[in-house]
Amino acid sequence: MYQLTNKVAIITGSGRHKGIGEAIALKLAYEGCNIVISDLGTPKGADLAAEHIGVTSEMNAIADACRAFGVQVLTIPCDVRIESECKELIHQTAASLGRIDILVNNAGVGYLMEPFTEFKESSWDVVLDVNLKGPFLCSKHAAVQMIEQGTGGVIINIASQAAKSGFPFAAAYTASKHGLVGLTRSNAVELGKHKIRVNAVCPNHITTGLGHWQNSFFSEKLGMDYETYLQSIVQKNPLGRTGQTEDIAKAVAFLCSDEAAYITGEAINVSGGEEYH
Ligand SMILES: NC(=O)c1ccc[n+]([C@@H]2O[C@H](COP(=O)([O-])OP(=O)(O)OC[C@H]3O[C@@H](n4cnc5c(N)ncnc54)[C@H](O)[C@@H]3O)[C@@H](O)[C@H]2O)c1
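Worth saying up front: this structure is predicted, and the values here are computed from it rather than measured.

Description of the nonpolar core
General note: in soluble globular proteins, nonpolar side chains tend to be found buried as a group.
Here comes step 1: In terms of nonpolar packing, the biggest core is built from 44 residues, with Ile10, Val80, Val109 and Ile155 touching the most fellow members.
Here comes step 2: At the level of secondary structure, the elements contributing two or more residues to this core comprise β1 (8-11), α3 (83-97), α4 (121-149), α5 (171-191), β6 (196-203), α6 (209-222) and α7 (226-235).
Here comes step 3: No other element matches α4, which puts nine residues into this core.
Here comes step 4: Residue contributions to this core reach at least three from each of two domains, namely domain 1 (8-204 + 245-270) and domain 2 (207-242).
Here comes step 5: What Val80 contacts, discounting residues up to four positions off in sequence, is Thr12, Cys86, Ala107, Val130, Lys133, Gly134, Leu137 and Cys138.
Here comes step 6: Membership of the second largest hydrophobic core comes to 34 residues, among which are Met59, Val154, Ala253 and Leu255.

Structure, rendered in C-alpha cells:
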C-alpha cells in the first residue's frame, strides 16, 4: 500500500472500459484515494464518436467498480479542450471532495492517423487539442487549487513511447506527446516551489480500445493479419509481451506516493525495455 488514503485524485479520460484511465482509477481507489472519473460522456462530432470515447454508462460502471473499494467517487463530464469545463472539473471536485491532491492527465486521441502529406488540419487540431492543450488547461486549474491548499500535489501526464520516438502516420500524435513531455518539464521546474511534483509516464503499446484501433490500422498498412501483427510487436519487446493497463497504473500509483517524493520532471518509460531513453 502506498498510503494514499483520503487523497483526492482526478483522472481525465477514465470513463472507457479496458482503458489506461480505468486501470489507474481502480488502482488509486484500491490505494484509498477518493476518485473523480472524468470523461466526455457524450460524443462530440465525427472525430470523437461514441465508438472512440468513454460514454456516460461506462463512466458510471467504472465509478461503481471504484466504490467497491469503499472510497468516495464522483463522475464529472469534461471536454479537456474547453477551458471553462476544465475549470469547472476542478471547482466541482474541490467543492464536493474538499481538495485535490492528484491530477492524472490521461485523456488522449490516438486514432486520427494519416499519411503526413495528406494530414488534415482538422485532425491535427483535434489531436493537439486533446493530447496537449487538455493537460495544459487541466494542470493550470489544478495547480491554482493545489497552490491555494498549500500542501503540494502530484500531476501525472500519460505521454507515450511516441513522446520519445517517431511513428509513421502519427505526426500529430507524436508531436503532441513530445510536447507533453515539454509541458511536464516546464511545470515541474515552475511548480516545484509549491511542492507540486509533475511527471510523465510513457507506455508502449497496450491493446485498449484505442490500442485495438491502432492494431487494425497498422496491420492493414503492413499487409499482415491482426494476430501476426500483434506477434511482431511481442517479438521486438525485450520482456516478450505487450503492455497491460495495470503496468501503467502501478507506475502512476508509485509516482503519486511519498516513495517518489524526490522525483519530478521525469518522463518515465513503462515499456518492457522497448524504449529506454
Ligand atoms: N493504448 C496504448 O497503446 C497507449 C500507448 C501510449 C500512450 N497511450 C495514452 O494513454 C492514454 C489513454 O489511452 P487508452 O489507450 O487507454 O485509450 P482509451 O481510448 O481507452 O482512453 C482515452 C480516453 O480519452 C477520452 N477522451 C478523448 N477525447 C477527450 C476529450 N476531448 N475530453 C476528455 N476526454 C477525452 C476518451 O473518451 C477515452 O476515454 C492516452 O493519452 C493515450 O495517448 C496509450
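Brief notes about the sheet that holds strand β7 (residues 267-270)
By way of backbone hydrogen bonds, the strands of a sheet pair with one another, either parallel or antiparallel.
Here comes step 1: If you trace the seven strands from one edge of the open sheet to the other, you get β3-β2-β1-β4-β5-β6-β7, paired in parallel fashion. This sheet does not close on itself; its edge strands, each paired only once, are β3 (73-77) and β7. Taking each pair of neighbouring strands and ignoring which way they run, the sheet shows an average axis angle of 20°.
Here comes step 2: Across the sheet, α3 is in contact with β1, β2 (34-39) and β3; its angle to β2 comes to roughly 155°.
Here comes step 3: Strand contacts of α5: β5 (153-158), β6 and β7, with the helix running at about 160° to β6, the strand carrying the most contacts.

Structural notes on the domain arrangement of the protein chain
Here comes step 1: When the domains of the protein chain are assigned, the result is domain 1 (8-204 + 245-270) and domain 2 (207-242).
Here comes step 2: The centre of domain 1, based on its C-alpha atoms, is set 24 Å off from the matching centre of domain 2.
Here comes step 3: Of the residues lining the interface, 15 residues belong to domain 1; the matching set on domain 2 comes to 10 residues.
Here comes step 4: Across the domain 1 to domain 2 interface the summed buried area is about 1,000 Å²; carbon plus sulfur atoms make up 63%.
Here comes step 5: Of all residues in domain 1, the largest losses of buried area upon contact with domain 2 belong to Tyr111, Met113 and Phe169, amounting jointly to 36% of the total for that side.
Here comes step 6: Summed over the shared surface of domain 1 and domain 2, the number is one salt bridge.

Observations concerning α7
Here comes step 1: Listing the buried residues of α7 in full gives Tyr229, Leu230 and Ile233. Down the axis of α7, the smallest arc covering the buried residues is 100°, so these residues share one side.
Here comes step 2: On the buried face of α7, the contacting elements are α6.
Here comes step 3: Looking at where α7 begins, the residue whose side-chain oxygen comes 3.1 Å from the main-chain nitrogen of Glu227 is Asp225.

Focus on the site of the ligand
Here comes step 1: Taken together, the neighbourhood of the ligand is formed by 28 residues, with Arg16, Ile20, Asp39, Tyr173 and Thr208 sitting nearest.
Here comes step 2: Between the ligand and Ile20, the relevant distance is 2.8 Å, taken from an oxygen atom to a main-chain nitrogen or oxygen of the residue.
Here comes step 3: Notes on the ligand: free accessible area 810 Å², of which the protein chains cover 99%.
Here comes step 4: The residue makeup of the shell around the ligand, split by class, is 14 nonpolar, nine polar and five charged.

What counts as what
- Residues numbered from 1 in each chain as written.
- Predicted model: local features only at pLDDT ≥ 70, side-chain atom pairs only at ≥ 80, totals over all residues.
- Heavy atoms only, no water.
- Core = buried A, V, L, I, M, F, W, Y, C linked by side-chain atoms within 4.5 Å.
- Buried < 20%, exposed > 50% of the residue type's maximum accessible area, 1.4 Å probe, protein only.
- Helix = DSSP H or I, 4+ residues; strand = E, 2+ residues; numbered from the N terminus.
- Domains from an automatic or database assignment.
- Contact = heavy atoms within 4.5 Å.
- Pairing = 2+ DSSP bridges.
- Axes fitted to C-alpha atoms, helices over the stretch in contact; angles between N-to-C directions.
- Buried area = accessible area lost by both parts, 1.4 Å probe.
- Salt bridge = Lys/Arg side-chain N within 4 Å of Asp/Glu carboxyl O.
- Arc of directions from axis to C-beta.
- Polar contact = N/O pair within 3.5 Å; in protein donor to acceptor, adjacent residues only side chain to side chain.
- Near = heavy atom within 4 Å.
- Areas by Shrake-Rupley, 256 points an atom, 1.4 Å probe, with all protein chains shown as cover.
- Nonpolar A, V, L, I, M, F, W, Y, C, P; charged D, E, K, R; others polar.

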